[in-house]
Amino acid sequence: MIKFSFKDSLIKEREINKLAKKLRPEIEDMQEAELKEYNDDRASINLPDDLASLKNVKRVISECLKLNPDYLVVVGIGGSNLGTIAIQEAVLGKFYNQLDSKLKIFYVDTVDSDSFGDVLRILEPELKKGKKVIVNGISKSGKTTETIANFEILVNLIRKYDKNYEKYIVVTTDKFSPFWDLALDKAFNVLEIPRKIGGRYSVFSPVGLFPLGMLGINLERLLRGAREMKKICLNENIMKNPAAMSAAIEYANYHDGKHISNLFLFSSDLESIGKWNRQLFGESLGKKNKGITPITSIGTTDLHSMLQLYLGGKNDKFTTFVSVKKGNTKLAMPKLSEYDLLVDDIQGKELADIMDTILLGVKASYKINKRPFISIEIPNKKAFTIGVFLQYKMMQTMYLGFLLGVNSFNQPDVEKYKEETRRILRR
Ligand code: PA5
């Protein structure tokens, strides 16, 4: 399981006890939400228990795999792709496509003709050669401008190379959204997002499960991790509930002027978890003139770009360090003593040990400069562990929203830009 250390949060026990009391009714509501299936705003905590949905997703996966696809293109934006990218890169690595992958994956989100054009320049010659491409269009609302624009272009391309193209298309959306109706009309495969599940909480729904399962990620283990963490984060005793505890600590630090929350990930493959977390914090908490600005840093890379600011700049940041106990690859240095002249004491050492030592050095500097932080160590980057971590983060966000007094489940201002765009397009 994941290890948490809260001892460097710089929040006094008295303050934590006060916030624990404040959180009590919300923990009770969360416990009740567990019994209400999809009839509560917090319903995403129940996604990992939805065996019927998992079975349906696996049925569509097995039908799609029978087509022997070479490429999977996920068309979706925000909550409709960030969680999938986060899990894919954590479990399979950032260089998955370049390694020995049978099914390559592309994500198309924004309407950028250059980058989407590059994807099409890769796909079209492959289609000409008879290679197969599955397109998964994902939109909860079923009417996000970017997603629908990109989806149309891709479907049009697939149609050029196979007149029975419908079987290569999978639509993931809310039941009875305009996208749902279109998919049924065209005989595409359709997967349902339960109505109460908001985009940024949807990674354990078919939104994430279909593409991740297509890539061979073990969905049962992913969901088991999420389920086990849910149980822990329903504990009324905040000392045994890391989601509630870290929400209390973030909140207390926010009140102490730490308006920026830095998720400092000491693993390059976790970078997209940082991007997913930005949406989670940003959209859930940024309301009523309140909000914690989420940022992401990668260790050790960003020590060489941002650390000066973090340690010496304005003391307005709270940091969560995340490290991985055991990576997938062991890389050790050769023993070349002539290099001692350049850097002492690293000959023959494993890179993972050097990384750990650097992290220790960083934390020591944070302590000296009185910059608050918590530490999380995940045992590995396997599906189970990543399921645990993402569930923890989503429940932490919900507890934090409660403490801040905001609705963690809507995004009225995102809807505003979408509506304004549609209005201007109509002109
Ligand atoms: O979390 C959210 O609800 C949003 O960020 C959405 O995920 C994003 O705007 C995409 O919306 P949709 O899935 O409806 O296309």
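Residues numbered from 1 in each chain as written. Predicted model: local features only at pLDDT ≥ 70, side-chain atom pairs only at ≥ 80, totals over all residues. Heavy atoms only, no water.

1. Considering the site of the ligand
Every one of the 14 residues lining the ligand counts as a neighbour, but Ser-80, Ser-139, Ser-141, Thr-144 and Gln-279 are closest to it. Ser-141 is positioned with one of its side-chain polar atoms (N or O) 2.7 Å from an oxygen atom of the ligand. About the coverage of the ligand: the protein hides 93% of its 380 Å² of free accessible area. Of the residues that constitute the shell around the ligand, the class distribution is one nonpolar, nine polar and four charged. (Near = heavy atom within 4 Å. Polar contact = N/O pair within 3.5 Å; in protein donor to acceptor, adjacent residues only side chain to side chain. Areas by Shrake-Rupley, 256 points an atom, 1.4 Å probe, with all protein chains shown as cover. Nonpolar A, V, L, I, M, F, W, Y, C, P; charged D, E, K, R; others polar.)

2. Some details on helix 2 (residues 51-65)
Here helix 2 is 15 residues long and its end C-alpha atoms lie 21 Å apart, about the 21 Å a rise of 1.5 Å per residue gives. Ser-53, Leu-54, Val-57, Val-60, Ile-61 and Cys-64 are the residues of helix 2 that are buried. Seen from one end, helix 2 has its buried residues packed into an arc of 130 degrees, which puts them on one side. With respect to the buried face of helix 2, the exposed residues turned more than 90 degrees away are Leu-51, Ala-52 and Lys-55. On its buried face, helix 2 sits against strand 4 (133-139), strand 5 (169-174), strand 6 (189-193), helix 7 (206-214) and helix 8 (219-232). Its side-chain oxygen at 3.4 Å from the backbone nitrogen of Ala-52, Asp-50 defines the N-terminal cap of helix 2. (Helix = DSSP H or I, 4+ residues; strand = E, 2+ residues; numbered from the N terminus. Expected span 1.5 Å × (residues − 1). Buried < 20%, exposed > 50% of the residue type's maximum accessible area, 1.4 Å probe, protein only. Arc of directions from axis to C-beta. Contact = heavy atoms within 4.5 Å.)

3. A closer look at the side chain of Glu-126
Note on placement: Glu-126 falls in helix 4 (residues 113-128). Excluding residues within four positions of it along the chain, Glu-126 makes contact with Tyr-71 and Lys-131.

4. Some remarks on the sheet that holds strand 10 (residues 373-378)
As summarised here, the arrangement of the five strands in space is 1-10-9-7-8, forming an open sheet in which the pairing is mixed. With partners counted over all chains shown, the strands left at the sheet margins are strand 1 (3-5) and strand 8 (293-298), one partner each. When the angles between neighbouring strand axes are averaged without regard to direction, this sheet yields 15 degrees. Judged from the six bridges that link them, strand 9 (residues 317-324) and strand 10 form a sheet pairing that is parallel. (Pairing = 2+ DSSP bridges. Axes fitted to C-alpha atoms, helices over the stretch in contact; angles between N-to-C directions.)

5. Re the domain arrangement of the protein
Its domain assignment divides the protein into domain 1 (3-32 + 223-413) and domain 2 (43-217). Between domain 1 and domain 2, the residue contacts involve 33 residues of the former and 24 residues of the latter. Around 2,400 Å² of area is buried between domain 1 and domain 2 when both sides are counted, 62% of it from carbon and sulfur atoms. Sorting the residues of domain 1 by area buried against domain 2 places Leu-223, Asp-269 and Gln-279 first, and these three jointly supply 24% of that buried surface. At the junction of domain 1 with domain 2, the criterion picks out three salt bridges. Two residues, Arg-200 and Glu-283, come together in a salt bridge whose shortest N-O distance is 3.0 Å. Our count for the contact surface shared by domain 1 and domain 2 stands at 16 residue pairs in polar contact (both at pLDDT 80 or more). Elements with a minimum of two residues in the side of domain 1 that touches domain 2: helix 8, helix 10 (271-285) and helix 13 (383-404). (Domains from an automatic or database assignment. Buried area = accessible area lost by both parts, 1.4 Å probe. Salt bridge = Lys/Arg side-chain N within 4 Å of Asp/Glu carboxyl O.)

6. Overview of the packing of helix 3 (residues 82-92) against helix 10
Packing of helix 3 against helix 10 leaves a shortest axis separation of 8 Å and a crossing angle of 155 degrees. Our classification of the angle between helix 3 and helix 10 gives roughly antiparallel. Here the hand of the crossing between helix 3 and helix 10 comes out left-handed. Between helix 3 and helix 10, the contacting residues are Leu-82, Gly-83, Ile-85, Ala-86, Glu-89 and Ala-90 on the first element and Ser-272, Ile-273, Lys-275, Trp-276 and Gln-279 on the second. Partitioned by chemical class, the residues of the contact of helix 3 with helix 10 number six nonpolar, three polar and two charged. (Parallel < 35°, antiparallel > 145°, perpendicular 65-115°, else oblique. Left-handed = near helix turned anticlockwise from the far one by under 90°.)

7. Concerning the pattern of salt bridges
A side chain of one charge can pair with a side chain of the opposite charge if their charged atoms are brought near each other. Scanning the entire structure with this criterion turns up 30 salt bridges. In this structure, Lys-230 and Asp-49 form a salt bridge, with 2.7 Å as the shortest nitrogen-oxygen distance. With Lys-230 in helix 8 and Asp-49 in the loop between helix 1 (13-35) and helix 2, this residue pair connects regions lying 181 residues apart in the sequence. With a closest N to O distance of 2.6 Å, Glu-420 and Arg-423 form a salt bridge. Note that Glu-420 and Arg-423 are positioned in helix 14 (residues 412-426) at a spacing of three residues, about one turn of the helix. Relative accessible area serves as the criterion here: at 35%, Arg-423 is assigned to the partly exposed category. Salt bridges here are not isolated pairs; linked through shared partners, they connect Glu-26, Asp-29, Lys-36, Asp-40 and Arg-42.

8. What to know about a negative patch on the surface
Where like charges cluster on the molecular surface, the negative patch consists of Glu-338, Asp-340, Asp-344 and Asp-345. Tracing the sequence through the fold places Asp-340 in the loop between strand 9 and helix 12 (351-368). (Patch = residues over 30% accessible without salt bridge, like charges linked within 9 Å, V, L, I, M, F, W, Y side chains within 5 Å. Lys, Arg positive; Asp, Glu negative; His and termini not counted. Charge placed at Lys NZ, Arg CZ, Asp CG, Glu CD.)

9. A closer look at the nonpolar core
One finds Phe-204 and Phe-210 to be the most contacted residues of the largest nonpolar core, which totals 118 residues. Top contributing element to this core by residue count: helix 13, with 13 residues. For this core, the domains that each give at least three residues are domain 1 (3-32 + 223-413) and domain 2 (43-217). Ranked by size, the runner-up nonpolar core spans eleven residues in total, among them Leu-303, Leu-307, Tyr-310 and Phe-373. (Core = buried A, V, L, I, M, F, W, Y, C linked by side-chain atoms within 4.5 Å.)

10. Things to note about the sheet that holds strand 2 (residues 71-75)
Overall, parallel pairing links the five strands, which are arranged 3-2-4-5-6 in an open sheet. Strand pairing shows two members of the sheet lacking a second neighbour, strand 3 (104-108) and strand 6, which therefore form its edges. Each adjacent strand pair in this sheet contributes to an overall mean axis angle of 20 degrees, direction not counted. When strand 2 meets strand 4, the two strands line up parallel, connected through five bridges. Counterpart to Val-73 in the pairing with strand 4 is Val-135. Along the sheet, helix 7 contacts strand 2, strand 4, strand 5 and strand 6; its crossing angle with strand 4, the most-contacted strand, is approximately 165 degrees.

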